[in-house]
Amino acid sequence: MEKGMLLYEGKAKKVYATDDPEELIVSYKDDATAFNGQKRGTIEGKGAINNRMSNALMQLLEREGIPTHYLRELNERETLVRRVRIVPLEVIVRNLSAGSFAKRYGVEEGIPFCAPTIEFSYKNDALGDPLLNGYHVVALSLATPAELETIKRYSFQINDVLKAFWASCGVTLVDFKLEFGRLPDGSIVLADEISPDTCRLWDSRTGKKLDKDRFRRDLGGVEDAYREIMDRLTQKLEAAE
Ligand code: UDP
């Protein structure tokens, strides 16, 4: 597969064209940003970890019947994906209070919910990714009502699969962000990535944070945490083979 022109460079990934107009190459960087790009840094080894973790989790989800953009891992940090038109929403699913939820509603972090929650924000850096409800999503024509229903259904299914998988690794899936895209036929598939950049993952026994909050909050041990969470996943997958 020939890597073509650089189409897009984001905060953590680059996207290249290929000789097939329906396929793209995603290349994961070690760059990290937080707070809408105000905090910047590098997490050594992150690109390779996020690439491999995201691919492993997307393959797990595919086996559970969730369609994704994943096609094939090309090397340590590059993956072939299906070209989609991204739905400009960040879909956040939460199992426990944390982050902006805890702040917004004035509650402690780590309170388990009796049922998972979902929220949307409008992917728009200039506006600071404002929160949206489902009516706003439809009013702004960001997704149709039918697409929104599909996105919600997939998101909760994804939560069920990932929560159980991480629990089997001794990790609590606190919350995560998903992005979806449309294939040329209009169908919705999971896109973007699932990694410690986009999930909160806490050691189930000690509560130790094994995700990007170590970078956001200057907790130290960022590289070690990424390696530790990747090791947990690798051991689980190898045991399952
Ligand atoms: N998240 C993300 N990208 C964003 C915002 C949030 O991947 O632009 C993830 C984040 O890692 C966490 C979840 O979504 O796992 C919920 O994040 P929250 O809304 O609490 O925002 P934060 O506290 O990270 O600003």
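Cut-offs and rules
Residues numbered from 1 in each chain as written. Predicted model: local features only at pLDDT ≥ 70, side-chain atom pairs only at ≥ 80, totals over all residues. Heavy atoms only, no water. Phe/Tyr/Trp six-rings, centres within 6.5 Å; stacked < 30°, edge-to-face > 60°. Helix = DSSP H or I, 4+ residues; strand = E, 2+ residues; numbered from the N terminus. Buried < 20%, exposed > 50% of the residue type's maximum accessible area, 1.4 Å probe, protein only. Lys NZ or Arg CZ within 6 Å of the ring centre and 35° of its normal. Polar contact = N/O pair within 3.5 Å; in protein donor to acceptor, adjacent residues only side chain to side chain. Near = heavy atom within 4 Å. Areas by Shrake-Rupley, 256 points an atom, 1.4 Å probe, with all protein chains shown as cover. Pairing = 2+ DSSP bridges. Axes fitted to C-alpha atoms, helices over the stretch in contact; angles between N-to-C directions. Contact = heavy atoms within 4.5 Å. Patch = residues over 30% accessible without salt bridge, like charges linked within 9 Å, V, L, I, M, F, W, Y side chains within 5 Å. Salt bridge = Lys/Arg side-chain N within 4 Å of Asp/Glu carboxyl O. Left-handed = near helix turned anticlockwise from the far one by under 90°. Nonpolar A, V, L, I, M, F, W, Y, C, P; charged D, E, K, R; others polar.

Draft legend 1. Representation of the packing of aromatic side chains in the model. Taken as a whole and judged by the stated rule, the model has four aromatic pairs. Pairing Phe 101 with Tyr 105 gives two aromatic rings, centres 4.8 Å apart and planes at 65°, and the pair type is edge-to-face. Here Phe 101 pairs with Tyr 105, and both are found in helix α2 (residues 99–105), just four residues apart, close to one helical turn. The buried category is assigned to Phe 101, whose relative accessible area is 15%. Site record: aromatic cluster; members linked through ring pairs are Phe 101, Tyr 105 and Phe 113. The residue whose ring lies beneath Lys 3 is Tyr 16, and the NZ or CZ to ring-centre distance is 4.5 Å. Positioned above the aromatic ring of Phe 215 is the side chain of Lys 39, whose terminal nitrogen or guanidinium carbon lies 5.2 Å from the ring centre.

Draft legend 2. The side chain of Asn 51, seen in detail. The topology assignment puts Asn 51 in helix α1 (residues 46–63). Under the relative-accessibility criterion, Asn 51 is labelled buried at 0%. Only 3.1 Å separates the side chain of Asn 51 from the backbone oxygen of Asn 75, close enough to count as a polar contact.

Draft legend 3. Molecular detail of the site of the ligand. Around the ligand, the structure places 14 residues, and the nearest of them are Arg 94, Ser 100, Asp 175, Arg 200 and Arg 216. Between the ligand and Thr 198 there is a distance of 3.4 Å, counted from an oxygen atom to a backbone nitrogen or oxygen. Here an oxygen atom of the ligand and a side-chain polar atom of Arg 200 are 2.9 Å apart. For the ligand, the protein covers 77% of the area, taking 490 Å² as the surface of the free molecule.

Draft legend 4. How the structure looks around the environment of His 136. Inspection of the secondary structure puts His 136 in helix α3 (residues 134–139). Assessed through its relative accessible area of 39%, His 136 is described here as partly exposed. Expressed as a C-alpha distance, the spacing of His 136 and Phe 120, which sit 16 residues apart in the sequence, is 9.7 Å.

Draft legend 5. Spatial organisation of the sheet that holds strand β2 (residues 13–17). Reading across the sheet, the five strands line up as β1-β2-β3-β7-β6 and stay open at both edges, with antiparallel pairing between neighbours. Across the chains shown, the open sheet's two edge strands, defined by having one partner strand only, are β1 (6–9) and β6 (70–75). Put simply, the sheet's adjacent strands are angled 25° from each other on average, direction ignored. The sheet strands contacting α1 are β3 (23–28), β6 and β7 (78–82), and the helix crosses β6 at an angle near 150°.

Draft legend 6. Seen up close, a nonpolar patch on the surface. Together, Tyr 105, Val 107, Ile 111 and Leu 131 make up an exposed nonpolar region whose accessible area comes to about 350 Å². With respect to the helices, strands and loops of the structure, Val 107 is situated in the loop between α2 and β10 (112–122). The exposure class of Val 107 is partly exposed, given its relative accessible area of 32%.

Draft legend 7. View of the packing of α1 against helix α6 (residues 222–240). Between α1 and α6, the least distance of the axes is 10 Å, while the angle of their chain directions is 35°. As α1 runs across α6, the sense of the crossing is left-handed. Facing Lys 46, Ile 49, Asn 50, Arg 52, Met 53, Ala 56 and Leu 57 of α1, the residues of α6 in contact are Tyr 226, Arg 227, Ile 229, Met 230, Leu 233 and Leu 237. Its residues assigned to classes, the contact of α1 with α6 comprises nine nonpolar, one polar and three charged.

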